[in-house]
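# Commentary on secondary and tertiary structure
Listed below, chain by chain, are the residues.
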Amino acid sequence: MFSLGSWLPSLPGLAWGWALLDALLQGLVGACAVSVLCSLLKVYLYIQCLNDPERQAEKEAMGAQRWVLELLHVVVLTGVLALVGSRVAALVVLEFSLRAVSTVLSLGEGAHSSQLYLLCQYSLGCGVSCGLSFLLEGALHRTCNLALAVGLAGLLATYARRLARHVCTLYELHSRARYCGVCILLLTSSHGIPRLLRNALAVTFAVANLAAVALINRDFLSTAEAVRFWTPLTICYTLLVIYMQEEQQQSAGGRAVYQTVLVRMGGLFILLLTVGRWTDVLHGLVSLLAELWCLLRAGVMLEVCWRQ
């Protein structure tokens, strides 16, 4: 029978046919999850700036963002998550989970929570992709299940984006006039958005970590191979977390955040050169660009978090 992949060129980490469709659907679900996170966080930060007379410039900067870039952000993340292999995505999830636990234990709750939510964008997409890959592995109707997941995720992302657009354009007027039900609800309960995001992210990363460990371990034929992989991984990630905690205490601001990304991805790159495949190294470079893209896209909200 005619096979699409028989004459198309082979690319590292990318399959043609139904496998490519499944990868794109998984990536789209992860990108929609990131979009929901950013939209809800924008609603929260916008209302916080609106209630503070000294932060009106930051409020106007968030409201002036072009909404077309939201769609571009989803498209770029979908392509990146579809290209990046499950091994590298799993490593990204494990690294961020360890760093997030360390940050929460050392800093506690407060203004740092919002910044941590923005830093987890790409890791969240990788976590959703890993979770779907593990939960639907071997399923008879995998593509149909992924299509249903895309429909639900797209619906949530669309409504979250509409909510953020409504808040940035009409919340100031509606909150004074008290005739919009959505704005009245946000006026009384917008402070609960960080708690909602924290609980949702905790569940998502709990499932993603289990899936990540299972996806990595399935490539090992013996316990000795697994030990040779997990031992340098544990040492590397522990040293990275200790280093980044010291850097965060000594410096603050946007430069420290971008420097942290470079150090994290540099450590991952060295680890993959030691125990990974050459395709994993390529995916590590793609992950670095994706992390920087997410941070640049959320630059205005990061500025708001730094000044809190």
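Predicted model, so just to flag it, every value in this text is computed and none were measured.

### Focus: the nonpolar core
Judged by nonpolar contacts, the single largest core of 87 residues is most densely connected at Leu45, Leu91 and Tyr122. At 17 residues, helix H1 (residues 18-50) tops the list of elements feeding residues into this core. Leave out the neighbours within four places in its chain, and tyrosine 122 touches Leu77, Val80, Leu81, Val84, Val92, Ser287, Ala290, Glu291 and Cys294.

### Observations regarding the environment of threonine 188
Relative to the elements of secondary structure, threonine 188 occurs in helix H8 (residues 181-189). The class of threonine 188 is exposed, set by a relative accessible area of 52%. There is a polar contact of 3.1 Å between the side chain of threonine 188 and the backbone oxygen of leucine 185.

### Overview of the packing of helix H3 (residues 68-83) against helix H12 (residues 278-297)
When two helices pack together, you describe them by how their axes are tilted relative to each other and by the distance separating the axes. Where H3 contacts H12, the axes come no closer than 10 Å and their chain directions differ by 165 degrees. Here H3 lies roughly antiparallel to H12, going by the angle between them. At the point where H3 passes H12, the crossing takes the left-handed sense. Here Leu69, Glu70, Leu72, His73, Val76, Leu77, Val80 and Leu83 of H3 come into contact with H12, specifically with His283, Val286, Ala290, Trp293, Cys294 and Arg297.

### A word on the confidence of the model for the protein chain
Low pLDDT marks stretches whose predicted atomic positions should not be read closely. Summing up the model confidence of the protein chain, the mean pLDDT is 79 and the portion of residues at 70 or higher is 84%. Predicted confidence is poor over residues 1-14, with pLDDT under 50, and the contacts of this stretch with residues over four places away or in other chains come to 17 contacts.

### As for the UniProt feature "transmembrane region" (unreviewed entry) in the protein chain
In this numbering, the UniProt entry assigns the feature "transmembrane region" (unreviewed entry) to residues 27-47, 68-94, 143-164, 200-221, 227-244 and 256-275. Measuring from the first to the last C-alpha atom of residues 27-47 gives 31 Å, for a span that is 100% helix and 0% strand. The span residues 143-164 shows a helical share of 100% and a strand share of 0%, and its end C-alpha atoms are spaced 31 Å apart.

### Describing the packing of aromatic side chains
Tallied over the entire structure, the rule returns one aromatic pair. Judged by centre distance (5.3 Å) and plane angle (35 degrees), the rings of phenylalanine 96 and phenylalanine 205 are tilted. Linking phenylalanine 96 in helix H4 (residues 86-107) with phenylalanine 205 in helix H9 (residues 193-217), this pair joins segments that are 109 residues apart in sequence. Residue phenylalanine 96 shares its accessibility class with phenylalanine 205, and that shared class is buried. The residue whose ring lies beneath arginine 162 is tyrosine 159, and the NZ or CZ to ring-centre distance is 5.7 Å.

### Focus: the pattern of salt bridges
According to the stated counting rule, one finds three salt bridges in the structure shown. Between arginine 142 and aspartate 22 there is a salt bridge, with the nearest N and O atoms lying 3.4 Å from each other. Taken as a pair, arginine 142 in helix H7 (residues 142-177) and aspartate 22 in helix H1 lie far apart in primary sequence, 120 residues in all. Across this residue pair, the class does not change: arginine 142 and aspartate 22 are buried. With its nearest N and O atoms 3.7 Å apart, the salt bridge here joins lysine 42 to glutamate 70. Linking lysine 42 in helix H1 with glutamate 70 in helix H3, this pair joins segments that are 28 residues apart in sequence.

Quick notes on the rules
Residues numbered from 1 in each chain as written. Predicted model: local features only at pLDDT ≥ 70, side-chain atom pairs only at ≥ 80, totals over all residues. Heavy atoms only, no water. Core = buried A, V, L, I, M, F, W, Y, C linked by side-chain atoms within 4.5 Å. Buried < 20%, exposed > 50% of the residue type's maximum accessible area, 1.4 Å probe, protein only. Helix = DSSP H or I, 4+ residues; strand = E, 2+ residues; numbered from the N terminus. Contact = heavy atoms within 4.5 Å. Polar contact = N/O pair within 3.5 Å; in protein donor to acceptor, adjacent residues only side chain to side chain. Axes fitted to C-alpha atoms, helices over the stretch in contact; angles between N-to-C directions. Parallel < 35°, antiparallel > 145°, perpendicular 65-115°, else oblique. Left-handed = near helix turned anticlockwise from the far one by under 90°. pLDDT = per-residue confidence, 0-100. UniProt positions renumbered as here; feature names shortened; annotations may be inferred. Phe/Tyr/Trp six-rings, centres within 6.5 Å; stacked < 30°, edge-to-face > 60°. Lys NZ or Arg CZ within 6 Å of the ring centre and 35° of its normal. Salt bridge = Lys/Arg side-chain N within 4 Å of Asp/Glu carboxyl O.

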